[in-house]
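Residues per chain are reported as follows:
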Amino acid sequence: MQSAKNIVILTGAGVSADSGVATFRDAGGIWAQYSIEEVATPDAFSRDPEKVHGFYNMRRAGLAGVEPNAAHFALARLERELAARGGRLTLVSQNVDDLHRRAGSENILAMHGALAEALCQFCRHVVPWTEDLSAETQCPDCGSARGMRPNVVWFGEVPHHLDAIAMALAEADMFVAIGTSGAVYPAAGLVAEARSLHIPCVELNLEPSDNARLFTDRRYGKASEVVPEWVE
Ligand code: BV8
């Protein structure tokens, strides 16, 4: 890793697992308890906005008292070290928690949105999430009633920052995936894109992901241990 100067790192739920945040597809994970079709699609929201708000309020409640772990801090340190030697770390996260930012990472592309924000589905105005916010809340910008939704990317919706991610990858000399099962696209397709650019691709995960075979280097273990070791 020492020689790389422009690194794109994709993180998934596994990077927050050691902070106590639930992952999606591990045994007992979120999608074992909730149906994607009922809580994580635009149809789900139009069908039952209260149920969807309830799901994300539960996810937000799960973040209370949660702290960044050694993996988050190691990635923030790596960003500073690369910048100090004229390089750049682009952190592409599928996660909607705020742990990377709280650990000090700055160049974050939160491609699936943020739990801590609400979006007006009519005028796209984004506001910080507040406890009293519900499907009945009026948009403070356009005044539409029943417009406010979680500012997360649901299945069937286009993830954020795709152009910025493609540009960062085009300039990268290394791609790393951390704590992701490689099950959700287009995020899971980034490693194939990186391979087509002939750059080293590293997987740091608890166990081999769905696209482990596409990586040129693989280190397995808990992110809070493997990531600091890899960054050192
Ligand atoms: C879209 C936000 C059109 C909300 C989420 C091909 C191309 C494009 C799309 C598709 C395609 N094929 C299928 C699709 C459709 C779909 C899709 O991918 N479906 C899958 C299920 C087949 N994709 C979409 O709908 C996307 N949009 O396609 O729009 C488009 C696209 C591009 C251009 C134009 C138009 C939208 C997808 C986003 C959906 N929103 N979340 C929320 O959070 O509620 S997805 C959800 O899954 C989360 O964001 C999560 O981050 C993401 C991926 O999961 P992971 O993060 O990887 O988590 P998971 O539990 O799966 O894995 C955890 C990993 O960590 C495991 O490997 C485990 O071993 C490891 N681990 C566990 N503990 C530890 C650990 N590792 C280290 N240490 C530990 N301690």
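As recorded in an unreviewed UniProt entry, the chain goes by the name NAD-dependent protein deacylase, listed as coming from Aquisalinus flavus. Per UniProt, the chain carries the Sequence similarities (unreviewed entry) text "Belongs to the sirtuin family. Class III subfamily." Listed in UniProt under the heading Function (unreviewed entry), the comment for the chain reads: "NAD-dependent lysine deacetylase and desuccinylase that specifically removes acetyl and succinyl groups on target proteins. Modulates the activities of several proteins which are inactive in their acylated form."

Attention now moves to the environment of Arg 77. Here Arg 77 is to be found in helix α6 (residues 70-84). On the basis of relative accessible area, Arg 77 is assigned to the partly exposed category, the value being 28%. Note: C-alpha distance between Arg 77 and Ala 103 (26 residues apart in sequence) is 9.0 Å.

Moving on, we get to the state of the cysteines. Simply put, disulfide is the name for a covalent bond between the sulfur atoms of two cysteines. Within the structure shown, the criterion is met by zero disulfides. As a non-bridged cysteine, Cys 123 has Cys 139 as the owner of its nearest cysteine sulfur, 3.6 Å distant. Owing to a relative accessible area of 30%, Cys 123 belongs among the partly exposed residues under this scheme.

All right, on to the UniProt feature "binding site: Zn(2+)" (unreviewed entry) in the chain then. With numbering aligned to this structure, UniProt lists the feature "binding site: Zn(2+)" (unreviewed entry) at Cys 120, Cys 123, Cys 139 and Cys 142. Despite a sequence span of 23 residues, these residues sit close together in the fold, their greatest C-alpha distance being 8.5 Å. Note that Cys 139 resides in the loop between β5 (126-128) and β6 (148-152). In this structure Cys 139 comes out as buried when scored by relative accessible area, which is 3%.

Taking 1.5 Å per residue, 13 residues should reach 18 Å; helix α5 (residues 49-61) reaches 18 Å between its end C-alpha atoms and fits that length. Every buried residue of α5 is accounted for by Pro 49, Val 52, His 53, Phe 55, Tyr 56, Arg 59 and Arg 60. Each buried residue of α5 sits inside an arc of 155° when the element is viewed along its axis, so together they form one side. The secondary structure elements touched by the buried residues of α5 are α2 (30-33), α3 (36-39), α4 (42-47), β4 (113-120) and β6.

Glancing now at the packing of aromatic side chains. This model, assessed by the stated rule, comprises eight aromatic pairs. Arranged with centres 6.4 Å apart and planes meeting at 45°, the rings of Tyr 56 and Trp 154 form a pair that is tilted. With a gap of 98 residues between them, Tyr 56 in helix α5 and Trp 154 in the loop between β6 and α8 (162-170) connect regions that are remote in the sequence. Across the pair, exposure class does not vary: Tyr 56 and Trp 154 are buried alike. Taken together, the ring pairs in this structure connect Phe 24, Trp 31, Tyr 34, Phe 45, Phe 55, Tyr 56, Trp 154 and Phe 155 into an aromatic cluster. Above the face of the Trp 129 ring, Arg 60 is positioned so that its terminal group lies 3.4 Å from the ring centre.

Reading the values: rules and limits
Residues numbered from 1 in each chain as written. Predicted model: local features only at pLDDT ≥ 70, side-chain atom pairs only at ≥ 80, totals over all residues. Heavy atoms only, no water. UniProt positions renumbered as here; feature names shortened; annotations may be inferred. Helix = DSSP H or I, 4+ residues; strand = E, 2+ residues; numbered from the N terminus. Buried < 20%, exposed > 50% of the residue type's maximum accessible area, 1.4 Å probe, protein only. Disulfide = S-S within 2.5 Å. Expected span 1.5 Å × (residues − 1). Arc of directions from axis to C-beta. Contact = heavy atoms within 4.5 Å. Phe/Tyr/Trp six-rings, centres within 6.5 Å; stacked < 30°, edge-to-face > 60°. Lys NZ or Arg CZ within 6 Å of the ring centre and 35° of its normal.

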